[in-house]
Each structure stands twice: as C-alpha cells, then as structure tokens.
Amino acid sequence: MTQTLPPAQTTDGRTSVAAAWRARIRRAVHAASRPESWRRGLVLAALALLLGLTMLLHARIPNRGLGNLGSLVESLLPWFGLFVPLLLAAALWRRSASATAALLLPVVVWLNLFGGLLGDRSQAGGDLTVAEQNVYAENTDPAGTARDLAAHGADVLALVALTPQATPVYEQGLARTYPFHTVQGTVGLWSRFPLSDTRPIDVVDYGPLGATKPSDAKLAVNRALRTTVTTDRGPLTVFVAHLGSVRVLPAKGFWTDSRNLGAQALGRAVAADPSPRVVLLGDLNGTLDDRALSGLSTQLRSAQDAAGDGFGFTWPAAFPMVRIDQIMVRGVEPRSSRVLAANGSDHRPVTAALSW
C-alpha cells in the first residue's frame, strides 16, 4: 500500500504556503471585522477621501481669487498618486479598516485619469518624423545640442528659446541635415522639405495694445510661427510656439497670465487655419491637464497620449517631472512618441512619428 504524505509534508511546500496565506487572510478579515478597526484612523480615511475628491473634481477647483490654484493642481495631477502608497502604509500601520477602504476612491480615480498612460502605446512605421526642443537661452554648448539633434534624424525639427547669439550656431550645425529653415524671432523650424507661407504668430502682444507696436519690434521677441511643409505625401501645416513662462510667486500664487494670453492667441490661430493636416510643436509651459490650454487640447491630439510610452515628462531635464513640451496633431495619426536624452538644455527633446 502506498502511503500518502500529509499536505504539510509535501516536498515542494506549495500546500504549506497556500495554507499560510489562507491563515493570514482569515486573520486580516477577522481584524477588519472588529468595530475598533473601523474607528481607528478616521483622519487617514478623511485624507484619503479628500485626495480622491481632489483628483475627481480637479476641474471645479477655482482659479480666481486663489492664485490659479486649479491650474497648479492640474499641472501636478499625475503626482497625486504618490500619496496613495503613503496613506496605505499609514493605514496598515494603524490597522485601520476605514482608511484602507477609503483609499479605493483615489486609486479608482487615478487609474481612470492616467491608467491608460502606463503602457507602451507606440506602433511601428510612420511617414514623417517631427521633433521639438526648448534649447534653453543659457545653453553653454549650442553646437553640441545641434549635433545631437541632427543625429536623431527627424524630418522636421522645431527649436524654441533661440537667442541672437545662438541662432547662427544652430543654423550652421543643422545646415547639412536640413536644407530648409526659418527663424521668426525666438522660434525656428528646420526641415528636409521646402517651406512656404511662413509667418509669425503673435502670442506675446496679442490684442489691441499689441496692434500699436511696430512689426520689427514685435518680430524680435516673437515666440510662435506658422508655416507649410511640402512633404512627399502632401502639404503639412506646422505651428511652432513657445508660450510665456509660469511662476510661483508669494504675492500672486501660480502666475500664468502671459502663458494664458499666448494660449488663447495660439488657439485662435489654429482654429482659423483651414488646413486638413496640422502639427503643433512647442514648449507650452503647461501640461495638457491644465484647463488654461483647453483651447488647444480640444482641437488637437497629443502624440504622447496617443502613441507614447508612459507620461513622457520633459522638464526639468535632470529629473523630468512634468510634460510641458508638446507635439499635438490634427488630421494625421501618431504612430510613436518618445522623449530623448538630455543634451545641454534644461528641457529634454521630444519626437514623434506621424502617418496619413
């Protein structure tokens, strides 16, 4: 007769491990069923609910009178998920069933907002590759940055934050790769294909007051342009933009006035353009979760959201925490989108493959 070993004596130990886990689960369920476990950690439970409601209702957080608090929260929204493991650790330490249960709300809300960005959405192929970088006005090695960008081989390259001193360096460093280019103030576009119908877009002095300034004075500080790239597959309208900076100031909170004014002007220019295929390349000094950029995000698709891998943060270059450098499209299909390595600027370059 063959003798069967008791479950706890099986050679691989799997039954013992399963039994141990079942015992732990029973203990956890028993502990959670105690009334005192629900009364403990009520402050943690309230914080968990507040976290979830903040993410869920971020669009209702007002800007006026609160130093653009709504825009500030939306700019940092993905990072709110980091509070979940911290609160969970505290809830487990306190053995609080109420706090643990309350954490379901922020987890579900965060996954609903950003869960789709966690995987790789890129596909092979593409008819045209575009790239953009804020090359940093204080870049100490513009020649090196130009060599690095040329080596990546994009068909169309947008640069913003150009200075009168650095622009000739970029023109010289990129001339062999890109036979066509235009510079309009502090923004420029380099292309393997011919450019036409190029003009500046006023996102600095937009409005009645700007109309009184001389064209030469406005062009010197111009921060956006529109041009047509004649590709092998037909014309493509390209906008290049560098919207105004944002600041966190003690007296004003999250100051975004210049950026918001430029976003409105750029949004009107894109809306008025009849081109069937449009690409916007630029440093928008804002994330696409920020309501102030809704005039652009409702018209154009983010290449990173559609075909990137992860969040694609671009700034600051040493440890990127937000994506403020954008590639946005209309009438073309993003196939892939990625962030390139740092190359001397305080922003990382972005690139995308497009097809139509």
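Residues numbered from 1 in each chain as written. Predicted model: local features only at pLDDT ≥ 70, side-chain atom pairs only at ≥ 80, totals over all residues. Heavy atoms only, no water.

1. Re the overall build of the protein chain
Then, in step 1: Broken down by element type, the protein chain carries 13 helices and 14 strands.
Then, in step 2: Relative to its 356 residues, the protein chain shows a buried fraction of 45%.
Then, in step 3: In the protein chain, 71% of the contacts between residues at least 6 apart in sequence involve partners at least 24 apart.
Then, in step 4: For the protein chain, the accessible surface area stands at approximately 18100 Å², while carbon and sulfur atoms represent 61% of it. (Helix = DSSP H or I, 4+ residues; strand = E, 2+ residues; numbered from the N terminus. Buried < 20%, exposed > 50% of the residue type's maximum accessible area, 1.4 Å probe, protein only. Contact = heavy atoms within 4.5 Å. Areas by Shrake-Rupley, 256 points an atom, 1.4 Å probe, with all protein chains shown as cover.)

2. Notes on the environment of threonine 298
Then, in step 1: Here threonine 298 shows up in the loop between α12 (294–297) and β11 (301–302).
Then, in step 2: A distance of 2.6 Å separates a polar atom in the side chain of threonine 298 from the backbone oxygen of serine 294. (Polar contact = N/O pair within 3.5 Å; in protein donor to acceptor, adjacent residues only side chain to side chain.)

3. Quick word on the packing of aromatic side chains
Then, in step 1: Inspection of every chain in the model, using the stated rule, returns six aromatic pairs.
Then, in step 2: Taking 5.6 Å as the distance between ring centres and 25° as the angle between the ring planes, the aromatic pair formed by tryptophan 79 and phenylalanine 313 counts as stacked. Residue tryptophan 79 is found in the loop between α4 (69–75) and α5 (83–94), and its partner phenylalanine 313 is found in the loop between α13 (303–307) and β12 (325–330); the two are separated by 234 residues along the sequence.
Then, in step 3: The interplanar angle of 55° and the centroid separation of 5.7 Å between the aromatic rings of tryptophan 110 and phenylalanine 114 together place this pair among those described as tilted. Placement of the pair is tryptophan 110 and phenylalanine 114 together in helix α7 (residues 104–114), with a separation of four residues, close to one helical turn. (Phe/Tyr/Trp six-rings, centres within 6.5 Å; stacked < 30°, edge-to-face > 60°.)

4. Points about the sheet that holds strand β4 (residues 187–191)
Then, in step 1: Ordered in space as β3-β4-β2-β1-β14-β13, the six strands form an open sheet in which the pairing is mixed. Two strands in the sheet have a free side with no partner beyond their single neighbour: β3 (180–184) and β13 (333–339). Each strand of the sheet is rotated relative to its neighbour by a mean of 15°, with strand direction disregarded.
Then, in step 2: When β13 meets strand β14 (residues 350–355), the two strands line up antiparallel, connected through six bridges. Looking at β14, one finds that serine 336 is bridged to alanine 353. (Pairing = 2+ DSSP bridges. Axes fitted to C-alpha atoms, helices over the stretch in contact; angles between N-to-C directions.)

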